[in-house]
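Chain residues, written in single-letter form:
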Amino acid sequence: MKDFYNILTLIVLLISFSCTEEIPLETIGFNDVLVVEATITNEFKHQEIKISRTYLLEESNQRIEENANVSIIDSQGNTYHFSQNSEGTYVSDIEFEALLNINYTLLVTTSDGKNYNSSETKLSPLSQIDDLYAEIALEGAQANKVHVLLNSNNEGSNAQYFRYEYTETHKIVVPYYGNSDAVITNVQDNGNEFEILIVPKTENKEICYTTKTSNNIIQTSTNQLGNNLVNKFVIRTLDKEDVRLRDRYTIEVKQYVQSPEAYNYYRIINDLSADESLLSESQPGYVVGNINALNNSNERVIGFFEVASVSSERIFFNYEDLSLPQPPYPYDCLYRTNEISEAEPYNFNYNENHLVLDYTLAGDAPGVPNQRAQLLNFLSPIRNYQYVSGGFPIYNIVSPECGDCTSYSSNIQPEFWED
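Remember, it's a predicted structure, so these values are computed and weren't measured experimentally. (Residues numbered from 1 in each chain as written. Predicted model: local features only at pLDDT ≥ 70, side-chain atom pairs only at ≥ 80, totals over all residues. Heavy atoms only, no water.)

Participant: Sorry if this is basic, but what is going on with the overall build of the protein here?
Facilitator: Broken down by element type, the protein carries 4 helices and 23 strands. Out of the 419 residues in the protein, the part that is buried amounts to 46%. Across the protein, the fraction of contacts at a sequence separation of at least 24, relative to all contacts at a separation of at least 6, is 67%. Of the accessible surface of the protein, which amounts to about 21100 Å², a share of 45% is contributed by carbon and sulfur atoms. (Helix = DSSP H or I, 4+ residues; strand = E, 2+ residues; numbered from the N terminus. Buried < 20%, exposed > 50% of the residue type's maximum accessible area, 1.4 Å probe, protein only. Contact = heavy atoms within 4.5 Å. Areas by Shrake-Rupley, 256 points an atom, 1.4 Å probe, with all protein chains shown as cover.)

Written as structure tokens, this is what we have:
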């Protein structure tokens, strides 16, 4: 889920509940406000709650609320305590799941002794994702876009308000790869002479996996429809040439059933950020959640405590599954050079991402390129160019982006991955 509460903390909280005037975003009169992001679900797991403070517009780091006493109590007398982890998130000491027809209340006591609690909240109705699939839009403004779509039949349920999160992972394979590394050794004469050893690679850097989570609020509702069906709802849109589709792509979607109050709270926040930034000059005021300050009824608290049922679904697909051409690699890795002629008898590389260099060309005569110096430069740990093929005196090397996927991604295959 998008940490939109972190964005909310950037709003200048100087305006009253009814203020509608545009104000400039300045930090004059900054208010230090507690920010609570709390959603527990019917998944049996260690539940998580994030608590932070508002911060100045000039600041870039989130201000974690340290050493708070956080717990959830239910109407059956159970108390679930939360402890802060190394990342600042409060995690339940034991695994538990939210159950139907039980009330839950969030309690927070900050390190300075201030107390906060939420309204009593029940688990939302249960629902399932029936279909998650991808297809190409054939017409309209979205023509040739790849849509990830979702269907959910809730005719037998009271579920009417839905929020979605997704986590997407794509596989990437570098276009040029060798099973060996080229290592500079025995450097002499200030780098004018050296040796290049070809040694086996100790780590696979050919295939990587990049994972990202959704960072926006995705919602839909069926309460205005003649049926209770979520049909062909667009979760994710990708350009057909998006690099995520180049090798293999997977997306996991989570569907949260919301209460009307939670739905409206998220909807208002989403409306405020419709221009993709809450830092606009048309802030209508403070968004009221269901968390209150017990020590001071006038103190504002940002956040909402939600108890939501959740279901999830994952799909994998390749560009071939959608009858698409393979999307281009994100970097220009083609080898390009001049044509050899009497006027230019030596290779001059035109693409610095992909080089073929000759150790014997040391720039020791007019018009002769110093490719030996280039080899020393590009194969250094700083430039970290990757050996592809060749041997003394000619070596085929590429930039890290073209031959080492770990330069921008991770070569650790996720546990859920399927080829």
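Participant: Where do I start with the sheet that holds strand β22 (residues 386-391) in this structure?
Facilitator: Either a parallel or an antiparallel arrangement is found when strands of a sheet pair, and the pairing is made through backbone hydrogen bonds. Taken in spatial order, the 3 strands line up as β21-β23-β22 in an open sheet, and their pairing is antiparallel. Each having just a single partner strand, β21 (354-358) and β22 make up the two edges of the open sheet. Within this sheet the neighbouring strands show an average axis-to-axis angle of 20 degrees, counted without direction. Relative to strand β23 (residues 394-398), β22 runs antiparallel, the two being bridged by 5 bridges. The partner of Gln386 across the bridge, within β23, is Val398. With respect to the sheet, helix α3 (residues 371-378) is in contact with β21 and β23, its orientation differing from that of β21 by roughly 130 degrees. (Pairing = 2+ DSSP bridges. Axes fitted to C-alpha atoms, helices over the stretch in contact; angles between N-to-C directions.)

Participant: Looking at this model, I keep getting lost on the packing of aromatic side chains. Mind explaining?
Facilitator: Tallying each qualifying case throughout the model produces 14 aromatic pairs. The aromatic ring of Tyr256 is capped on one face by Arg163, whose charged end is 4.5 Å from the ring centroid. Across from the ring centre of Tyr177, 4.9 Å away, lies the NZ or CZ of Lys201, which sits over that ring. (Phe/Tyr/Trp six-rings, centres within 6.5 Å; stacked < 30°, edge-to-face > 60°. Lys NZ or Arg CZ within 6 Å of the ring centre and 35° of its normal.)

Participant: What is the right way to look at the state of the cysteines in this model?
Facilitator: What makes a disulfide is a covalent bond joining the sulfur atoms belonging to two cysteines. Per the stated rule, a full pass over the model turns up 2 disulfides. A disulfide bridge connects Cys208 with Cys405, and the sulfur atoms are separated by 2.0 Å. Here the disulfide of Cys208 and Cys405 is right-handed, its torsion about the S-S bond being about 70 degrees. In this pair, Cys208 is assigned in strand β15 (residues 207-213) and Cys405 in the segment after α4 (400-403), connecting sequence segments 197 residues apart. Overall, Cys208 belongs to the buried group, its relative accessible area being 0%. Note that Cys333 is cross-linked by a disulfide to Cys402, the S-S spacing being 2.0 Å. Judged by the sign of its S-S torsion, about -85 degrees, the cystine formed by Cys333 and Cys402 is left-handed. Of this pair, Cys333 sits in the loop between β20 (301-317) and β21 while Cys402 sits in helix α4; the two residues are 69 residues apart in sequence, bridging distant segments of the chain. A single burial state applies to Cys333 and to Cys402, both of which are buried. Numbered by position along the chain, the disulfide-linked cysteines of the protein connect as 1-4, 2-3. (Disulfide = S-S within 2.5 Å.)

Participant: Is there a simple way to think about the environment of Asn69 in this case?
Facilitator: Here Asn69 shows up in strand β4 (residues 69-74). Overall, Asn69 belongs to the partly exposed group, its relative accessible area being 47%. In the structure, Asn69 is positioned 13 residues away from Phe82 in sequence and 7.5 Å away in space, judged by C-alpha atoms. In this structure Asn69 touches Leu107, Val108 and Thr109, once residues within four positions along its chain are discounted.

Participant: So what exactly am I meant to see when it comes to unusual backbone geometry here?
Facilitator: Glycine aside, a negative phi is what most residues show, and trans is what most peptide bonds show. Omega for the peptide link from Phe392 to Pro393 comes to 10 degrees, which places this bond in the cis form. If you trace the backbone, Pro393 turns up in the loop between β22 and β23. Positive phi, close to 55 degrees, is recorded for Asn186, a residue that is not glycine. The phi torsion at Asn190 lies on the positive side, around 55 degrees, for a residue other than glycine. Along the chain, Asn190 turns up in the loop between β13 (180-188) and β14 (193-200).

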